[in-house]
Amino acid sequence: LAKQLAAEKDKSKAAETQKQLGTVLSRQENIDATNQVWARLSPQMDFYGSAESNNEVKLGDLQDTAVILTKAVEENPTNQQARILLASVYEHQNDRPAAEQQLRTALERDPNNPLLRLRLGIVLREQGKHKEALQEFRSIEQKRPYHPQMLFRTGITHITMKNCRLASAYMKRFLMFTRKN
């Protein structure tokens with residue numbers, strides 16, 4: 001695009017090329033910013049646990065990160081990395097509805113991603129939406145029947161719902177799997 005812009009003599013075409021170049025550069029800057037945030041915060045974030053397990057992350061980091069990631073997602077809605085991290089930041093900030101929205105949007109692009117389904121199930125469970133959480137966990141179970149986090153989270157959700165028989169069955173499967181591995 002830069003070469004095309006330099007060679008263009010027609011001002012209207014040059015303006016259009018410059019606009020395209022600006023869009024490309026802006027997206028690249030947001031991807032770079034997202035990668036920097038990911039490299040800094042992802043080792044501190046527990047993507048399989050709940051927000052309480054992310055105690056290492058400082059509140060100021062989360063607020064700054066949310067601004068960067070929100071801009072990245074607005075300019076490039078297909079940026080799954082930014083969306084997943086933004087959902088985790090929202091969850092850590094106890095803004096579970098915003099986390100849910102980001103995860104649902106990410107799942108529209110990648111409906112078979114077990115990590116996204118697990119994260120959404122956890123967020124739903126933390127909001128008291130137990131039946132919806134179980135639906136997310138079941139979708140993982142259909143493809144990965146011995147996914148340890150799914151087994152554990154499903155069992156915990158059934159305990160919360162006072163369904164001891166199912167809770168016991170899932171926890172037994174979880175323990176059997178973890179003993180073998």
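Please read these numbers as outputs of a predicted model, since none were measured by experiment.

J.: Please provide a residue-by-residue account of the overall build of the chain, values included.
T.: Check the secondary structure of the chain and you find nine helices and zero strands. Along the chain direction, N to C, the helices and strands of the chain fall in the order α-α-α-α-α-α-α-α-α. The buried share of the chain, reckoned over its 181 residues, is 42%. For the chain, contacts bridging at least 24 residues in sequence account for 50% of all contacts bridging at least 6. Carbon and sulfur atoms make up 52% of the accessible area of the chain, which totals about 10,400 Å².

J.: Can you break down the nonpolar core residue by residue, with the values?
T.: Judged by nonpolar contacts, the single largest core of 31 residues is most densely connected at L69, L86, L103, L116, F137 and M150. Of all elements in the fold, only α3 (59-75), α4 (80-92), α5 (96-109), α6 (114-126), α7 (130-143), α8 (148-160) and α9 (164-180) reach the threshold of two or more residues within this core.

J.: Which residues make up α8, and what values go with them?
T.: In this model α8 runs 18 Å from its N-terminal to its C-terminal C-alpha over 13 residues, within 8% of the 18 Å that 1.5 Å per residue would give. For α8, the elements touching its buried residues are α6, α7 and α9.

J.: With reference to specific residues and values, describe the packing of α8 against α9.
T.: For the pair α8 and α9, the least separation of the axes is 8 Å and the interaxial angle reads 155°. Here α9 runs roughly antiparallel to α8, going by the angle between their axes. In this structure, α8 meets α9 at a crossing whose hand is left-handed. From α8, P148, M150, L151, F152, T154, G155, I156, H158 and I159 reach across to α9, where they touch L166, A167, Y170, M171, R173, F174 and F177. Taken together, the residues that form the contact of α8 with α9 break down as 12 nonpolar, three polar and one charged.

J.: Outline the pattern of salt bridges, listing residues and values.
T.: Tallied over the full model, the rule gives seven salt bridges. When the shortest N-O distance is used, the salt bridge between E126 and R96 registers 2.7 Å. Highlighted residues: E126 in helix α6 and R96 in helix α5, separated in sequence by 30 residues. Judged by its relative accessible area of 25%, E126 falls in the partly exposed class. A salt bridge links R104 to E132; the nearest nitrogen and oxygen atoms lie 2.9 Å apart. Here R104 is found in helix α5, whereas its partner E132 is found in helix α7, with 28 residues between them in sequence. Taken together, the salt bridges that share partners define one network made up of E100, R104, K129 and E132.

J.: Describe in detail the packing of aromatic side chains, supporting the description with residues and values.
T.: Counted by the stated rule, this structure contains one aromatic pair. Residues F152 and F174 carry aromatic rings whose centres are separated by 5.3 Å and whose planes lie at 50° to one another, so their mutual orientation is tilted. With F152 in helix α8 and F174 in helix α9, this pair connects stretches of sequence that are 22 residues apart. By relative accessible area, F152 is classed as partly exposed at 27%. The ring of Y146 carries R173 above its face, with NZ or CZ at 5.6 Å from the centroid.

Rules of the game
Residues numbered from 1 in each chain as written. Predicted model: local features only at pLDDT ≥ 70, side-chain atom pairs only at ≥ 80, totals over all residues. Heavy atoms only, no water. Helix = DSSP H or I, 4+ residues; strand = E, 2+ residues; numbered from the N terminus. Buried < 20%, exposed > 50% of the residue type's maximum accessible area, 1.4 Å probe, protein only. Contact = heavy atoms within 4.5 Å. Areas by Shrake-Rupley, 256 points an atom, 1.4 Å probe, with all protein chains shown as cover. Core = buried A, V, L, I, M, F, W, Y, C linked by side-chain atoms within 4.5 Å. Expected span 1.5 Å × (residues − 1). Axes fitted to C-alpha atoms, helices over the stretch in contact; angles between N-to-C directions. Parallel < 35°, antiparallel > 145°, perpendicular 65-115°, else oblique. Left-handed = near helix turned anticlockwise from the far one by under 90°. Nonpolar A, V, L, I, M, F, W, Y, C, P; charged D, E, K, R; others polar. Salt bridge = Lys/Arg side-chain N within 4 Å of Asp/Glu carboxyl O. Phe/Tyr/Trp six-rings, centres within 6.5 Å; stacked < 30°, edge-to-face > 60°. Lys NZ or Arg CZ within 6 Å of the ring centre and 35° of its normal.

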